[in-house]
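Residue-level listing of the chains:
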Amino acid sequence: MPQVTEVRDRIVNAAEACFTRYGVGKTTIEDIAAAAGLSRATVYRSFAGGRDEVILAVVLRDLRRFLDRLSRRLSRERSVPDAIVEGVVDAVAFVRGEPQVAALLTPDAAGHTQAAVVGGARSLLDLCADYVRPHFGAAQREGTLRADITVEGAIEFLFRIISSMIVMPREDEPREFLRTYVVPALAEST
């Protein structure tokens with residue numbers, strides 16, 4: 001009998017394939033179960049929250065891939081302002097550019113995805129925080145992140161900035177906006 005993790009991975013892979021093929025709004029648990037070669041009951045045993053939980057699992061898996069890449073990039077940035085600006089730009093571009101993630105943001109998927117992501121927002125924020133916390137903690141110890149703010153607050157602030165830029169994209173290049181308004185809220189002035 002396959003391990004629980006293997007079954008969940010099969011379901012997430014099948015869901016992602018179904019979302020790409022049919023769209024999130026038209027994909028049913030039955031579609032996902034058939035694509036995974038499992039029964040509907042097995043899908044519900046693995047994801048008691050149903051479709052919303054499966055959608056969130058797809059989002060979290062793709063987010064982990066991005067955060068692995070982002071973490072490596074943050075380690076290479078020369079300054080906190082550059083890390084903030086480039087990290088935000090990267091995050092927005094990732095969400096908008098990755099086919100699997102972008103498929104979850106289509107108008108057809110919006111209502112379905114929104115319910116899943118809003119329901120799992122804390123999980124998304126916690127996952128982001130786990131990856132970014134070490135970088136922000138080090139910056140604060142080095143005196144390049146403002147001493148009067150918390151690392152957790154800074155992470156949440158950026159999460160909210162990224163979320164708003166995804167939902168309401170800027171017409172112009174965002175780096176100047178980020179340097180003018182976001183960087184001063186987090187970085188020590190030099």
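Look above for the structure.
Figured I'd write up the structure that's included with this text.

Scoring rules and cut-offs
- Residues numbered from 1 in each chain as written.
- Predicted model: local features only at pLDDT ≥ 70, side-chain atom pairs only at ≥ 80, totals over all residues.
- Heavy atoms only, no water.
- Axes fitted to C-alpha atoms, helices over the stretch in contact; angles between N-to-C directions.
- Helix = DSSP H or I, 4+ residues; strand = E, 2+ residues; numbered from the N terminus.
- Parallel < 35°, antiparallel > 145°, perpendicular 65-115°, else oblique.
- Left-handed = near helix turned anticlockwise from the far one by under 90°.
- Contact = heavy atoms within 4.5 Å.
- Nonpolar A, V, L, I, M, F, W, Y, C, P; charged D, E, K, R; others polar.
- Salt bridge = Lys/Arg side-chain N within 4 Å of Asp/Glu carboxyl O.
- Buried < 20%, exposed > 50% of the residue type's maximum accessible area, 1.4 Å probe, protein only.
- 1 Å grid on protein atoms, 1.4 Å probe; cavity = no way out; pocket = protein on both sides within 12 Å on 5 of 7 lines; lining within 4 Å.
- Points joined across faces, edges and corners; volume = space filled by probe spheres on them.
- Core = buried A, V, L, I, M, F, W, Y, C linked by side-chain atoms within 4.5 Å.

Bringing the packing of helix α5 (residues 80-97) against helix α10 (residues 175-186) into the picture now. For the pair α5 and α10, interaxial distance at closest approach is 9 Å and the crossing angle is 125°. By the angle between their axes, α5 is oblique relative to α10. Read as a crossing pair, α5 and α10 show a hand that is right-handed. Note on element contacts: α10 touches α5 through Arg175, Leu178, Arg179, Val182, Val183 and Leu186, opposite Pro81, Asp82, Ile84, Val85, Glu86, Val88 and Val89. Considered class by class, the residues forming the contact of α5 with α10 number 9 nonpolar, no polar and 4 charged.

This structure, assessed with the given rule, holds 14 salt bridges. A salt bridge links Arg175 to Glu173; the nearest nitrogen and oxygen atoms lie 2.3 Å apart. Residue class for Glu173 comes out partly exposed when judged on its relative accessible area of 41%.

The next point concerns the layout of surface pockets. In this structure, the second largest pocket spans a volume of roughly 250 Å³. Lining the second largest pocket are 14 residues, and of these Leu74, Val80, Ala83, His135 and Ala139 sit closest to its centre. In terms of residue class, the lining of the second largest pocket is made up of 7 nonpolar, 4 polar and 3 charged.

What follows is about the environment of Ala154. Mapped onto the fold, Ala154 is located in helix α9 (residues 151-167). Take Ala154: its relative accessible area is 2%, and that puts it in the buried class. Setting aside chain neighbours within four positions, we find Ala154 in contact with Phe136, Ile149 and Leu186.

On to the nonpolar core. Counting residues in hydrophobic clusters, the biggest one holds 42 residues, and the most contacted among them are Val88, Phe136, Leu145, Leu178 and Leu186. Those elements giving two or more residues to this core turn out to be α4 (50-76), α5, α8 (121-141), α9 and α10. Per element, the largest residue contribution to this core is 10 residues, and it comes from α5. With residues near it in sequence (within four places) discarded, Phe136 still touches Leu145, Val151, Ala154, Ile155 and Leu158. Val12, Ala15, Ile32 and Ala36 belong to the second-largest nonpolar core, a separate cluster that totals 19 residues.

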